[in-house]
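Read off the chains here:
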Amino acid sequence: MSDEVREECGVLGIFNGERLPRQVAMGLYALQHRGQESAGVAVANGERVRVRKSMGLVSHLIRENNLDELSGFAAIGHVRYSTTGSSTLANAQPILVSCRWGHLAIVHNGNLTNTDEMRYEMEQDGHIFLSTTDSEVLLHEIARTKAASLGEAIRIACAKLTGSFCIIFLTKDTMYVARDGFGFRPMCLGKMNNSWVVASESCAFDLLGASYVRDVKPGELITIDKDGWRTEQFTSKPRKAHCIFEYVYFSRPDSLIFEHSCDKIRRRIGRQLAKECPVSADIVISVPDSSTTAALGYAQESKIPFEIGLLRNHYVGRTFIDPSQDVREQKVRLKFNVIQGVMKGKRVCVVEDSIVRGTTLRYIARMIREAGATEVHIRISSPPVAHPCFFGMDFPTTGELIASTLTPAEIGKMLNVDSLGYLSVEGLTGAAPGGPKDYCAACFDCNYPDYVPSNSTTPPHCG
Ligand code: SF4
């Protein structure tokens with residue numbers, strides 16, 4: 001994705017592990033693409049839970065904290081991009097509180113849609129909050145239930161939530177793992193010798209040497225303690241609603257997502273795009289890195305050679321921008337460069353995974369033309385993004401989504417390209433395992449599977 005759109009978060013937990021929390025921090029490296037604003041770990045040693053967290057990348061967490069001074073047999077970790085709550089250390093996770101069951105730490109991936117109302121009600125009752133995150137509201141909800149055990153309190157509180165969540169809770173001796181009833185975000189369970197491992201994506205298992213066992217089921221609560229693990233269903237929903245965007249863009253291609261190889265599905269999506277939107281071109285290139293796999297699928301199906309035409313600079317980060325020049329163009333040129341010679345005299349088909357604002361892609365198309373391309377054709381491996389996401393993806397407001405106001409033909413004109421083709425909703429969800437009934441595609445079709453707040457600043461405008 002060439003526009004500045006962020007993913008949600010990544011979570012990881014290890015129970016009965018060695019060299020904790022260092023191993024959890026290692027695993028977080030594999031999930032870094034899911035969040036770069038803050039990173040943190042919490043460790044349980046049978047008596048208490050301790051937390052270390054930092055703003056920035058996992059490497060900052062390791063550099064700024066002596067993780068070896070913490071030891072324990074269970075640990076959880078988090079990388080964050082804020083979808084709810086601002087980017088501050090107070091909002092970084094794990095969040096650790098003390099309640100009637102002792103220390104309780106939480107890491108959460110997703111976005112809850114009914115916690116504003118819950119928070120308002122709690123504040124009227126005198127609750128005090130230390131952060132602005134939805135995850136802290138959930139901790140309050142757990143603490144105020146009349147349940148006889150923490151497991152029961154978590155079950156009751158999670159059943160009240162709407163929106164998306166993959167959560168790991170950690171007490172001094174027990175780990176609880178919960179996933180929302182629609183299964184919006186991915187979460188899987190693995191085994192590493194005598195340890196249990198839970199992660200947002202299975203690529204973390206590969207780094208740790210753990211093996212994939214299965215996905216955490218939608219609506220499932222897994223309890224892991226010294227006696228082993230137990231599973232129960234805390235809620236059921238009318239259908240699965242996995243986020244189809246995980247296959248389009250979020251997840252790493254080397255992960256198993258929703259039980260299937262992301263690489264395989266993303267190539268299939270690219271092939272479907274070639275069937276729906278063929279082109280007469282000499283080469284296919286991708287906008288690296290997220291659209292490369294779909295571009296390979298497009299090239300295989302269309303039998304047009306795939307070339308590396310654009311390179312991405314991975315080390316840009318926060319940069320000095322010269323205000324006398326076009327800021328957006330500078331940002332694009334800092335991030336991408338064309339490989340001279342590849343495009344000269346060629347009809348170029350550029351595969352991109354999605355268009356959000358469209359400004360970056362316009363500059364990229366211009367750079368390709370300046371490099372000597374005779375024609376520039378854009379093919380998008382998803383439908384037009386015209387509606388906001390309430391389930392963990394940080395899209396801009398509806399007005400900033402170019403497809404909410406312009407038709408594909410008008411967008412093609414704005415990009416100044418020879419043709420523009422989008423994959424259909426049916427083509428996208430049909431290319432994914434299980435078919436359309438198992439997926440959320442609300443940012444394309446405005447069919448929201450779960451409650452979305454009507455007083456939101458970016459309410460959905462459907463129809
Ligand atoms: S609205 Fe879009 S990004 Fe959000 S969960 Fe649904 S498919 Fe995913």
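Data block above holds the structure.
The present account deals with the structure reproduced in this document. (Residues numbered from 1 in each chain as written. Predicted model: local features only at pLDDT ≥ 70, side-chain atom pairs only at ≥ 80, totals over all residues. Heavy atoms only, no water.)

Let us now look at the overall build of the protein. A tally of helices and strands in the protein yields 14 helices and 23 strands. For a compact globule of 463 residues, the expected C-alpha radius of gyration is about 23 Å, and the protein comes in at 23 Å, within 12% of that figure. For the protein, the C-alpha atoms occupy an extent of roughly 70 × 45 × 45 Å along the three principal directions. Taking all 463 residues of the protein together, 59% fall into the buried category. Excluding contacts between residues fewer than 6 apart, the proportion of contacts in the protein whose partners are at least 24 apart in sequence is 70%. Summed over its atoms, the accessible surface of the protein is roughly 18400 Å², and 49% of this surface lies on carbon and sulfur atoms. Positive and negative side-chain charges of the protein, numbering 51 and 52 respectively, have mean locations separated by a distance of 2 Å. (Helix = DSSP H or I, 4+ residues; strand = E, 2+ residues; numbered from the N terminus. Rg over C-alpha atoms; globule rule 2.2 N^0.38 Å. Buried < 20%, exposed > 50% of the residue type's maximum accessible area, 1.4 Å probe, protein only. Contact = heavy atoms within 4.5 Å. Areas by Shrake-Rupley, 256 points an atom, 1.4 Å probe, with all protein chains shown as cover. Lys, Arg positive; Asp, Glu negative; His and termini not counted. Charge placed at Lys NZ, Arg CZ, Asp CG, Glu CD.)

What follows deals with the site of the ligand. Lining the immediate surroundings of the ligand are R185, C243, I244, F245, C389, F391, M393, C440, A441, A442 and C443. Its atoms largely coinciding with the cavity grid, the ligand occupies the largest cavity. Looking at side-chain class alone, the shell around the ligand contains ten nonpolar, no polar and one charged residues. (Near = heavy atom within 4 Å. 1 Å grid on protein atoms, 1.4 Å probe; cavity = no way out; pocket = protein on both sides within 12 Å on 5 of 7 lines; lining within 4 Å. Sits in = over half its atoms within 2 Å of the grid points. Nonpolar A, V, L, I, M, F, W, Y, C, P; charged D, E, K, R; others polar.)

A separate point is the sheet that holds strand β8 (residues 175–179). Taken in spatial order, the six strands line up as β5-β6-β7-β8-β12-β13 in an open sheet, and their pairing is antiparallel. Edge positions in the sheet fall to β5 (95–99) and β13 (228–233), since each of these pairs with one other strand and no more. Taken over all neighbouring pairs, the strand axes of this sheet differ in orientation by 20 degrees on average, direction set aside. Looking at chain direction, strand β7 (residues 166–170) and β8 are connected through five bridges and run antiparallel. (Pairing = 2+ DSSP bridges. Axes fitted to C-alpha atoms, helices over the stretch in contact; angles between N-to-C directions.)

As a further point, take the nonpolar core. Grouped together as the largest cluster of nonpolar side chains are 38 residues, with contacts concentrated most on F245 and Y247. Elements represented by at least two residues in this core include exactly α7 (245–250), α8 (262–276), α9 (292–302), β20 (347–352), α13 (425–431) and α14 (442–445). (Core = buried A, V, L, I, M, F, W, Y, C linked by side-chain atoms within 4.5 Å.)

Moving on to the packing of aromatic side chains. This structure, assessed with the given rule, holds 13 aromatic pairs. When the centroid spacing of 5.6 Å and the interplanar angle of 15 degrees are considered together, the rings of F245 and F444 count as stacked. Taken as a pair, F245 in helix α7 and F444 in helix α14 lie far apart in primary sequence, 199 residues in all. Residue classification places F444 among the buried residues on the basis of a relative accessible area of 8%. (Phe/Tyr/Trp six-rings, centres within 6.5 Å; stacked < 30°, edge-to-face > 60°.)

Attention now moves to helix α1 (residues 22–30). Spacing of three or four residues puts side chains on the same side of an α-helix, whose turn is 3.6 residues. Looking only at α1, the buried set comprises Q23, V24, A25, G27, L28 and A30. In this structure, the buried residues of α1 make contact with β1 (9–15), β2 (38–44), α2 (58–64), β4 (74–80), β9 (188–192) and α6 (203–208).

Let us look at helix α11 (residues 359–370). Here α11 is twelve residues long and its end C-alpha atoms lie 17 Å apart, about the 16 Å a rise of 1.5 Å per residue gives. Listed as buried for α11 are T359, T360, L361, Y363, I364, A365, M367 and I368. Trailing α11 by a residue or two, G372 shows a phi angle of about 105 degrees, which is positive. (Expected span 1.5 Å × (residues − 1).)

In this section: a nonpolar patch on the surface. A cluster of nonpolar side chains, contributed by M26, Y29 and L207, occupies part of the molecular surface with about 260 Å² of accessible area. Note on placement: L207 falls in helix α6. (Patch = residues over 30% accessible without salt bridge, like charges linked within 9 Å, V, L, I, M, F, W, Y side chains within 5 Å. Salt bridge = Lys/Arg side-chain N within 4 Å of Asp/Glu carboxyl O.)

Here the focus is the packing of helix α10 (residues 327–335) against α11. Each packed pair of helices is defined by two parameters, the angle between the axes and the distance between the axes. One way to put it is that α10 packs onto α11 with a least axis distance of 10 Å and a crossing angle of 65 degrees. Here α10 and α11 pass one another in a crossing that is right-handed. Facing α10, whose interface residues are R328, E329, V332 and R333, α11 presents T359, T360, Y363, I364, R366, M367 and E370. (Left-handed = near helix turned anticlockwise from the far one by under 90°.)

Take empty space enclosed by the protein next. Considering all chains together, one arrives at three cavities of 30 Å³ or more under this definition. Here the largest cavity is characterised by a volume of approximately 100 Å³. Looking at side-chain class alone, the lining of the largest cavity contains 13 nonpolar, no polar and one charged residues. (Points joined across faces, edges and corners; volume = space filled by probe spheres on them.)

Their axes nearest at 8 Å, the elements helix α4 (residues 134–144) and helix α5 (residues 150–160) cross at an angle of 130 degrees. Judged by the angle between their axes, α4 and α5 are oblique. You can see that α4 and α5 cross each other, and the crossing is right-handed. Contacts between α4 and α5 involve L138, E141 and I142 from the former and L150, A153, I154, A157 and K160 from the latter. Looking at the contact of α4 with α5, its residues break down into six nonpolar, no polar and two charged. (Parallel < 35°, antiparallel > 145°, perpendicular 65-115°, else oblique.)

Turning our attention to the pattern of salt bridges. All chains considered together, the criterion is met by 23 salt bridges. For R185, the salt bridge is made with E246, and the minimal N-O distance between the two is 2.8 Å. Taken together, the positions of R185 in the loop between β8 and β9 and E246 in helix α7 put the pair 61 residues apart, joining distant regions of the chain. For D438, the salt bridge is made with K437, and the minimal N-O distance between the two is 3.5 Å. Note on D438: relative accessible area 12%, which makes it buried. Here the residues in one salt-bridge network are E121, D125, E141, R144 and K160, joined through shared partners.

What follows deals with the sheet that holds strand β17 (residues 283–286). A sheet is described by the order of its strands in space; here four strands give the open sequence β17-β20-β21-β22, paired in parallel fashion. One side of each edge strand has no neighbouring strand; the edge strands of this open sheet are β17 and β22 (419–422). Strand-to-strand twist across the sheet, computed as the mean angle between neighbouring axes with direction ignored, equals 20 degrees. Across the sheet, α9 lies against β17, β20 and β21 (375–380), angled at about 165 degrees from β17, the strand it touches most.

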